[in-house]
Amino acid sequence: MTQIKNIGLYTSGGDSPGMNAAIRAVVRSAIYYGIEVTGIRRGYEGMIKGDLFPMDRKSVSNIIQRGGTILKTARSEQFRTPEGRKQAYEQLKKHNVDALVAIGGDGTFRGAKAFSEEFDIPVIGLPGTIDNDLCGTDFTIGYDTAINTVIDAVDKIRDTAESHDRLFIVEVMGRDSGLIALRTGIAAGAETILIPESPTDINAVFDKLEKGRKDKSSKIIMLAENGEAGDAFEIGRQIKEKFPNYDTRVSVLGHIQRGGRPSCMDRVLASRVGVAAVEALIAGHRNEMIGLIHNEIAYTPFEHATKHIAEINPDFLKIVEILAI
Ligand code: ATP
C-alpha cells in the first residue's frame with residue numbers, strides 16, 4: 001500500500017468522447033478514498049506552465065454526458081525535452097502532487113513513462129482515444145461513440161447515394177489504424193474497406209467494382225485516413241479515371257468523429273477504469289495503463305500498451321468479402 005495524498009489529473013493528445021466521464025470517475029473515487037485531486041489544464045503544456053487547480057466533488061458535476069474534456073487538452077513539444085519535464089516536475093512539487101493519472105493515447109503514455117523514469121512519481125494511464133489503437137484494452141474510451149457517429153453519418157450518405165445511384169468514398173479517422181474504418185464499414189454495409197493494416201491494391205478495387213453486382217444502385221467504399229494508397233480524393237480520382245460512368249463522390253467525415261455525447265458503453269468504460277486507476281495507485285501500481293480485457297480490469301505496462309496494433313482480426317476482413325456480394 002502506498003500513501004498517496006494528491007493525484008494530478010490531466011487529459012492529453014487528441015480528445016475523445018468519454019474523457020469527462022473518466023475525469024469524474026477519478027475525482028470522485030479519489031475523494032471516496034480520502035485523496036485530494038489537482039486538475040492540470042491542457043495536458044503537459046499546462047503541467048509545465050503550472051496551470052493546476054484543486055478539484056472537488058462539485059467540479060465534476062453534470063459532465064458525464066458531455067463530449068470533449070473540461071480539463072482541455074494539448075500537444076506539447078516542450079515536454080519532449082528533459083528541461084520541459086523538469087519544469088513540469090517543479091510545478092507538481094509546488095502543488096504537492098505525488099501521483100498522476102493521465103488520460104490519453106500512446107503519445108501521452110510515452111511521455112508519462114519518460115517522466116516517471118526521470119522523477120520518482122507513479123503514473124497510471126487511462127486509454128482515451130477514438131482510434132482504439134492501444135494494446136491492453138479491448139476498447140478505448142471514445143471509440144464506441146466515434147463509430148456510432150460514423151455509422152449515423154454513413155447511413156445518411158447511403159440514402160443520398162441510393163437516390164442518385166452514386167459511389168461514395170467515405171474517409172474516416174484512425175491515425176495509423178484502420179479499426180474505425182473496419183468496424184464501421186461492416187456496420188454500414190460498405191462494399192469495400194481500405195485500411196492501412198492490409199495493403200491496398202487499387203486494381204483489386206477496380207476488379208471488385210467491375211465484377212460486382214450491376215443492379216446495386218449505391219456503393220460505399222470506407223477508407224481509413226493516412227493509408228499508403230492516398231486519401232479519399234486520390235482514390236476517387238483514380239476510380240473516376242477508370243470508370244468515367246460512375247457518379248463518384250467523396251465525403252471526409254473529419255472532426256465530427258471526435259465530438260458528441262459519449263455513448264453508454266464509453267461512459268461505463270470510463271467510469272470503471274477511472275475508479276480502477278485510483279485503486280491501482282493506492283495498491284502501489286505505477287507506469288501502467290488500465291483497460292478492460294474480456295470485461296475484466298487489466299493492467300498493462302506503458303511500453304506494451306503503446307505498441308501499435310498492426311494485426312487485424314482476419315475474420316473481420318472475411319466478413320466484408322462475404323457480405324459485399
Ligand atoms: P491521440 O492518439 O488521440 O492523438 P496521443 O496521446 O497519442 O493521443 P500525442 O500528440 O501523440 O497524442 O501525444 C501527446 C503528448 O505527449 C505530446 O504532445 C507530447 O507532449 C507528449 N509525448 C509524446 N511522446 C513523447 C515522448 N516520447 N517523450 C515525451 N513526451 C512525449
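Calculation notes
- Numbering of residues starts from 1 in every chain and runs along the sequence as written.
- Totals for whole chains, interfaces and linings use every residue, but because this is a predicted model, local features are given only for residues with pLDDT of at least 70 and side-chain atom pairs only at 80 or more, for both listing and counting.
- Just so you know, side-chain values use all the structure's heavy atoms and leave hydrogens and water out.
- Annotation comment: domain bounds sourced from an automatic or database domain assignment.
- Throughout, a residue-residue contact means that at least one pair of heavy atoms, one from each residue, lies within 4.5 Å.
- In short, buried area is how much 1.4 Å probe accessible area vanishes from two parts on joining, totalled over both.
- Here, a salt bridge means any Lys or Arg side-chain nitrogen found within 4 Å of an Asp or Glu carboxyl oxygen.
- Under the rule applied, a polar contact is a pair of N or O atoms within 3.5 Å (in protein, one hydrogen donor and one hydrogen acceptor; residues adjacent in sequence only if both atoms are side-chain atoms).
- For this classification, Asp, Glu, Lys and Arg are treated as charged, while Ala, Val, Leu, Ile, Met, Phe, Trp, Tyr, Cys and Pro are nonpolar and the rest, including Gly, are polar.
- Where helices and strands are cited, they refer to DSSP runs of H or I of at least four residues and of E of at least two residues respectively, numbered from the N terminus.
- Exposure classes here rest on a 1.4 Å probe applied to the protein chains alone. A residue is buried below 20% of its type maximum, exposed above 50%, and partly exposed in between.

## Section: the domain arrangement of the protein
Then, number 1: You can read the domains of the protein as domain 1 (6-142 + 262-301) and domain 2 (145-258).
Then, number 2: Computed over C-alpha atoms only, the centres of domain 1 and domain 2 are separated by 34 Å.
Then, number 3: Taken together, the 15 residues of domain 1 in the interface contact eleven residues of domain 2.
Then, number 4: Between domain 1 and domain 2 the total buried area reaches about 1000 Å² when both faces are included, carbon and sulfur atoms providing 47% of it.
Then, number 5: Our count for the domain 1 to domain 2 interface comes out at two salt bridges.
Then, number 6: On the surface where domain 1 and domain 2 come into contact, there are six residue pairs in polar contact (both at pLDDT 80 or more).
Then, number 7: Here the side of domain 1 that touches domain 2 is composed, by residue class, of four nonpolar, five polar and six charged.

## Digging into the pattern of salt bridges
Then, number 1: Summed over all chains, the structure comprises 16 salt bridges.
Then, number 2: The closest approach of N and O atoms between E118 and R85, which form a salt bridge, is 2.8 Å. Here E118, found in helix α4 (residues 106-118), pairs with R85, found in helix α3 (residues 82-94); they are 33 residues apart in sequence, far enough to count as distant.
Then, number 3: Judged by relative accessible area, which is 9%, R85 ranks as buried.
Then, number 4: For D247, the salt bridge is made with R249, and the minimal N-O distance between the two is 2.8 Å.

## Some remarks on the environment of Y33
Then, number 1: Among the structural elements, Y33 can be located in the loop between α1 (19-32) and β2 (36-40).
Then, number 2: The spacing of Y33 and A229 is 196 residues in sequence and 51 Å in space, taken between C-alpha atoms.
Then, number 3: Discounting residues that sit within four places of it in the chain, Y33 has contacts with V278, E279 and I282.

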